[in-house]
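One-letter residues, chain by chain:
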Amino acid sequence: MSSLVGFLSLVFAIGINFYLFLSRYIFKFQKQKFNLFIRFSSLLTLLSFFSLMYAYVVSDFSNYNVFQNSHSNKPLIYKISGTWGNHEGSMLLWLCILSIFSFFFSFTKNIEDNFQKLTLIIQAFLHILFGLFIVFTSNPFLVNSILVNEGLGLNPILQDPGLAVHPPILYAGYVGYSIVFSIAIAGLFQNTDDEWIYVAKKWSLISWTFLTGGIALGSYWAYYELGWGGWWFWDPVENISLMPWIAGLALVHSLMMVRGEQAIKKWIVFLSILCFSLSVFGTFLVRSGILTSVHSFAADASRGIFILLIFFIVTGFGFLVFLLKEPKKSNALNLLFINKVSALVINNILMIIATLTILLGTIYPIIIEVLYNKRISVGGPYFNSTVIPIMIPGFLLMSIAPILSWQTNKINNSKKYVLAFFILSVLVILQSFFLDFNTWGFVGLLLGFWIILASIIAIFSSYKIKINIKFFKIINPHVAHIGVGIAIIGITCSSVFQNELDFNLNEGDKFNVNGKTVLFEKIETTNEINFQSLRGKFLFDIEKNQSKEIEAGKNYYPVSKMITSEAGILHQWNKDIYFILGDQKNNEWFVKVLINPFVSFIWLGVIIMIYSGLIAVSRR
Amino acid sequence: MSLRFQRLLLILLTLVIILSAVLLILYNTRENVSYFYTPSEIDKSDIIINKIIRIGGFVENNSFNKISSSSFKFKITDEKASILVTFKGILPDLFREGQGAVIEGAFVDKNIFNATNVFAKHDENYMPASIKEDLKDTGYWNKKYK
């Protein structure tokens, strides 16, 4: 029953959008009525999504999708999040978020009616494309043709709190670019003044903030979930999310900087189209199964072709409009050797090159396979040694860019910066001299600390310190850059200075980690709701009274006959101690201990970036 | 510096950045790309010792051998040829005989491949054996399921 409701409301919503799309040419609408229709179609799409969720929650196995991906003894949270733990449901979530964005956009005030209407019509067009994709190739409301009273269960790897938050937030980031795309295209068509730029700024900041959060959550999930290769693996699926992120970052910066220059306006439109194209392209690559990835999802060629078609329509249409129409009114670009505008131009060039480098590395295997029929894999080393060097000049620029002037070449207080940089270099050299030296470690630490230091100097020397909201808004760009600096330090330390220890242990053995004695207490097995757990219990630092307990082990899921590993992590502010329980032979267990210094800095840096994204959105 | 000269400098800088990016990419596609083979594609006479490659196939049935709690021996096969693999470390959770796996590493001599990384495939379309039988009996069987 709920499946029927869901399917009908899905189709009905597509119908409404089709009607709205035609309204540009045939039926003319009042603004009020038009917006009501948009909101109604959004609510229908939401209804459709919640019907599917309802089917999951009550374990309605007459729905084929629920039967395939759910099981009645799952905890409630995985029944709910299982809704998008499969291809069909996740595409419905995608559509749902698309219509939510349209819903909120219809409430935007202070913009011209025709411009708003046209933006929403383009959104309606996208809704139709993705809606038809769901109905024809990935319908989550198919009826199960055999009578069953139990489902096949959700892949145990996905049974994790990460599934509840990571996909919706990541999708909000991806799909958020649809509205930026629509705004840019509508801006070109209507040729309004610079109004659309201010609207686009807000929405692209929202999308970028969501995307940052989504990627970080995924990264954190991968970090504590074993066998997914740590917090970053340069896996195709990860690269795909990084590309719109970097392009979106370039977009946000350009939007912040634009002061009516023709060239930058054009560039903004280009970036807006690029961001959404990359999002759709990413969906295509993940869903078609063309790429081999450790996060390999189900592959079905027909879906791939359909999404590829959507990709060509969206990208082709977008870039065609871009080539034919031009923003009117212009100021020439005020480029000097080093002023704000030229810093912005260099920053954008670097980001686009970085995006292209990642794109090339990601699709290179496909190109080689088509051309030479050889299969290759491009792994972490390629990306590390191309993307990072390309980004380094950008990071250097970042430390001073916010205080550069618009008109002249001068930097205020330049002596302070030179002195600070000199002292910092000496300190980092000393540090790397006394601890183990590593080129990447040296560069990373210097960059990270320099960005933080330069931003702090800029804050203190350029503004009067006040504690009020306005002040936090003014220093926001510096705060965002401090976040990046902190993240760079975390990334550098955790990847360069990671330490790995291997032990073969019996229960009751004591061993030494980082100067602290650890006791391997015992192995314990228990029965949970839908899995059996096996845990190795460790007591960290037993010499102290307050020793910490760490559990690392495996879960066995009888429904799917699968095992998942669960790492035990002891979080400290300056390092994570990461326990992995391996295999055993004759009661001797293999235990791997990783010491990851300053991992917490990565998450702290990301949180600061998200914070400044939010502050910037709230800015008027 | 005149305005014109400053702009020229900026454009030159841009070109230098682009050029160095291209060089970096070209150099790294030669150095940091590993080739992917199936066991039958590997020609015994062509093996380069210590060159990092990837091999994909299935873990051969009855070939898995636990030497200690952290070192393993098994064979990767594509039903035409098979390769003996040694691995030290922790195997992925989905690793088992008869299942697909990709290994990364290098040949230490003509017959033994030393894996540094083992990847097992995971997929949302897996199926418990009992239900698989039911579905086959009712004829409701999709070839997608393995």
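Residues numbered from 1 in each chain as written. Chains lettered and ligands numbered in written order. Predicted model: local features only at pLDDT ≥ 70, side-chain atom pairs only at ≥ 80, totals over all residues. Heavy atoms only, no water.

1. Topic: the overall build of chain B
In step 1: Looking only at helices and strands, chain B has two helices and seven strands in total.
In step 2: In chain B, buried positions account for 40% of the 146 residues.
In step 3: Taking as baseline every contact in chain B between residues at least 6 positions apart, the subset at least 24 positions apart corresponds to 48%.
In step 4: Here chain B displays about 8,600 Å² of accessible surface, and carbon together with sulfur accounts for 55% of that area. (Helix = DSSP H or I, 4+ residues; strand = E, 2+ residues; numbered from the N terminus. Buried < 20%, exposed > 50% of the residue type's maximum accessible area, 1.4 Å probe, protein only. Contact = heavy atoms within 4.5 Å. Areas by Shrake-Rupley, 256 points an atom, 1.4 Å probe, with all protein chains shown as cover.)

2. A look at the sheet that holds strand β2 (residues 499-505) of chain A
Residues and elements named next belong to chain A.
In step 1: On the basis of which strands lie adjacent, the open sheet formed by four strands has the order β2-β10-β9-β8 and antiparallel pairing. The open sheet has two edge strands with one neighbour each: β2 and β8 (568-571). Going from strand to strand, the sheet's axes swing by 20° on average, the running direction of each strand aside.
In step 2: Pairing between strand β9 (residues 575-585) and strand β10 (residues 588-597): nine bridges, direction antiparallel. When the sheet's bridge partners are listed, Tyr578 is paired in β10 with Leu594. (Pairing = 2+ DSSP bridges. Axes fitted to C-alpha atoms, helices over the stretch in contact; angles between N-to-C directions.)

3. As for the pairing of strand β7 (residues 562-566) of chain A
In step 1: When strand β6 (residues 548-557) of chain A meets β7 of chain A, the two strands line up antiparallel, connected through five bridges. From the neighbouring strand, Asn555 of chain A faces β7 of chain A, where its bridge partner is Thr564 of chain A.

4. Thoughts on the domain arrangement of chain B
In step 1: Each domain of chain B was delimited in the assignment, giving domain 1 (1-33) and domain 2 (36-120).
In step 2: Look at where the C-alpha atoms of domain 1 of chain B and domain 2 of chain B centre, and you get two points 42 Å apart. (Domains from an automatic or database assignment.)

5. Observations concerning helix α9 (residues 236-257) of chain A
In step 1: For α9 of chain A, built from 22 residues, the straight-helix expectation of 32 Å at 1.5 Å per residue is met to within 8% by its first-to-last C-alpha distance of 32 Å.
In step 2: Extensive coverage of α9 of chain A is indicated by the burial of 19 of its 22 residues. (Expected span 1.5 Å × (residues − 1).)

6. Quick look at the domain arrangement of chain A
Residue and element names in this part refer to chain A.
In step 1: Once the domains are mapped, chain A shows domain 1 (1-155), domain 2 (160-405), domain 3 (406-492) and domain 4 (499-600).
In step 2: The centre of domain 2, based on its C-alpha atoms, is set 38 Å off from the matching centre of domain 4.
In step 3: Taken together, the contact pairs five residues of domain 2 with eleven residues of domain 4.
In step 4: Carbon and sulfur atoms make up 55% of the surface buried where domain 2 meets domain 4, a total of about 660 Å² over both sides.
In step 5: At the boundary of domain 2 and domain 4, one finds zero salt bridges. (Buried area = accessible area lost by both parts, 1.4 Å probe. Salt bridge = Lys/Arg side-chain N within 4 Å of Asp/Glu carboxyl O.)

7. Comments concerning the pairing of strand β2 (residues 53-59) of chain B
Side chains on a regular strand alternate between the two faces of the sheet.
Residues and elements named next belong to chain B.
In step 1: Where burial is concerned, most of β2 is hidden: six out of the seven residues are buried.
In step 2: As paired strands, strand β1 (residues 33-37) and β2 are joined by two bridges and run parallel to one another. By the bridge assignment for β2, Tyr37 is matched with Ile55.
In step 3: Direction of pairing for β2 relative to strand β6 (residues 100-107): antiparallel, over a ladder of six bridges. Counted as the bridge partner of Ile55 is Ile103 from β6.
In step 4: Alignment of β2 against strand β4 (residues 71-77), held across two bridges, turns out to be antiparallel. From the neighbouring strand, Val59 faces β4, where its bridge partner is Ile76.

8. Focus on helix α14 (residues 414-434) of chain A
Residue and element names in this part refer to chain A.
In step 1: End to end, α14 covers 31 Å across 21 residues, agreeing with the expected 30 Å (1.5 Å per residue, within 8%).
In step 2: Every buried residue of α14 is listed here: Tyr417, Ala420, Leu424, Ser425, Val428 and Ser432. For α14, the arc enclosing every buried residue in end-on projection is 140°, short of the 170-degree limit, so these residues lie on one face. Opposite the buried face of α14, at more than 90 degrees from it, the exposed residues are Lys415, Val418, Leu419, Phe422, Leu427, Phe433 and Phe434.
In step 3: Taken together, the buried residues of α14 touch α15 (439-462). (Arc of directions from axis to C-beta.)

9. Some thoughts on the environment of Leu447 of chain A
All names here are of chain A.
In step 1: Summarising the element assignment, Leu447 is placed in helix α15.
In step 2: Placed 56 residues apart in sequence, Leu447 and Phe503 show a C-alpha to C-alpha distance of 36 Å.
In step 3: When neighbours within four sequence positions are excluded, Leu447 is seen to be in contact with Ile392, Phe395 and Leu396.

10. Some thoughts on the pattern of salt bridges
All names here are of chain A.
In step 1: Scanning the model with the defined rule gives eight salt bridges over all chains in all.
In step 2: Between Glu524 and Lys522 there is a salt bridge, with the nearest N and O atoms lying 3.5 Å from each other.
In step 3: The network of salt bridges with common partners includes Lys522, Glu524, Arg535, Lys537 and Glu551.

11. Concerning the sheet that holds strand β5 (residues 532-540) of chain A
All names here are of chain A.
In step 1: Taken together, five strands build an open sheet; the order of strands is β3-β4-β5-β6-β7 and the sheet is antiparallel. The two strands at the open ends of the sheet, each matched to only one other strand, are β3 (510-513) and β7. Sheet twist, expressed as the average angle between the axes of neighbouring strands with direction ignored, equals 25°.
In step 2: Taken together, the nine bridges between strand β4 (residues 516-527) and β5 define a ladder with antiparallel strand orientation.

12. Quick look at the confidence of the model for chain B
Residues and elements named next belong to chain B.
In step 1: Per-residue pLDDT for chain B averages 77, and the proportion of residues at 70 or more is 80%.
In step 2: Within chain B, the lowest mean pLDDT, 46, falls on helix α2 (residues 129-137), and the highest, 92, falls on strand β5 (residues 82-88).
In step 3: Between residues 124-135, whose pLDDT stays under 50, and residues either more than four places distant or in other chains, the model counts 32 contacts.
In step 4: Segment residues 138-146: pLDDT under 50, and 15 contacts once partners within four positions in sequence are set aside and those in other chains are kept. (pLDDT = per-residue confidence, 0-100.)

13. Looking at a nonpolar patch on the surface
In step 1: Together, Leu419, Phe422, Ile423, Val426, Leu427, Leu430, Phe433, Phe434 and Leu435 of chain A make up a nonpolar patch on the protein surface, roughly 990 Å² of accessible area in all.
In step 2: The topology assignment puts Leu430 of chain A in helix α14. (Patch = residues over 30% accessible without salt bridge, like charges linked within 9 Å, V, L, I, M, F, W, Y side chains within 5 Å.)

14. Points about the packing of helix α6 (residues 113-137) of chain A against helix α7 (residues 161-190) of chain A
All names here are of chain A.
In step 1: One can describe the packing of α6 onto α7 by two numbers: an axis separation of 8 Å at closest approach and a directional angle of 130°. Classified by the angle their axes make, α6 and α7 are oblique. Seen from above, α6 lies across α7 with right-handed handedness. Residues Asn114, Phe115, Leu118, Thr119, Ile122, Gln123 and Leu126 of α6 pack against Ser178, Ile179, Phe181, Ser182, Ile183, Ile185, Ala186, Gly187, Phe189 and Gln190 of α7.
In step 2: Among the residues making up the contact of α6 with α7, the classes are represented as ten nonpolar, seven polar and no charged. (Parallel < 35°, antiparallel > 145°, perpendicular 65-115°, else oblique. Left-handed = near helix turned anticlockwise from the far one by under 90°. Nonpolar A, V, L, I, M, F, W, Y, C, P; charged D, E, K, R; others polar.)

15. Points about unusual backbone geometry
In step 1: Located in the positive-phi region is Asn514 of chain A, a residue other than glycine, with phi close to 55°.
In step 2: Following the sequence through the fold, Asn514 of chain A ends up in the loop between β3 and β4.

16. A word on the packing of aromatic side chains
Residue and element names in this part refer to chain A.
In step 1: Scanning all chains against the criterion turns up 46 aromatic pairs over all chains.
In step 2: Taken together through their ring pairs, the aromatic side chains of Tyr220, Tyr223, Tyr224, Tyr578 and Trp603 make up a single cluster.
In step 3: For Lys266, the ring lying beneath its charged end belongs to Phe322, and the centroid distance is 5.3 Å. (Phe/Tyr/Trp six-rings, centres within 6.5 Å; stacked < 30°, edge-to-face > 60°. Lys NZ or Arg CZ within 6 Å of the ring centre and 35° of its normal.)

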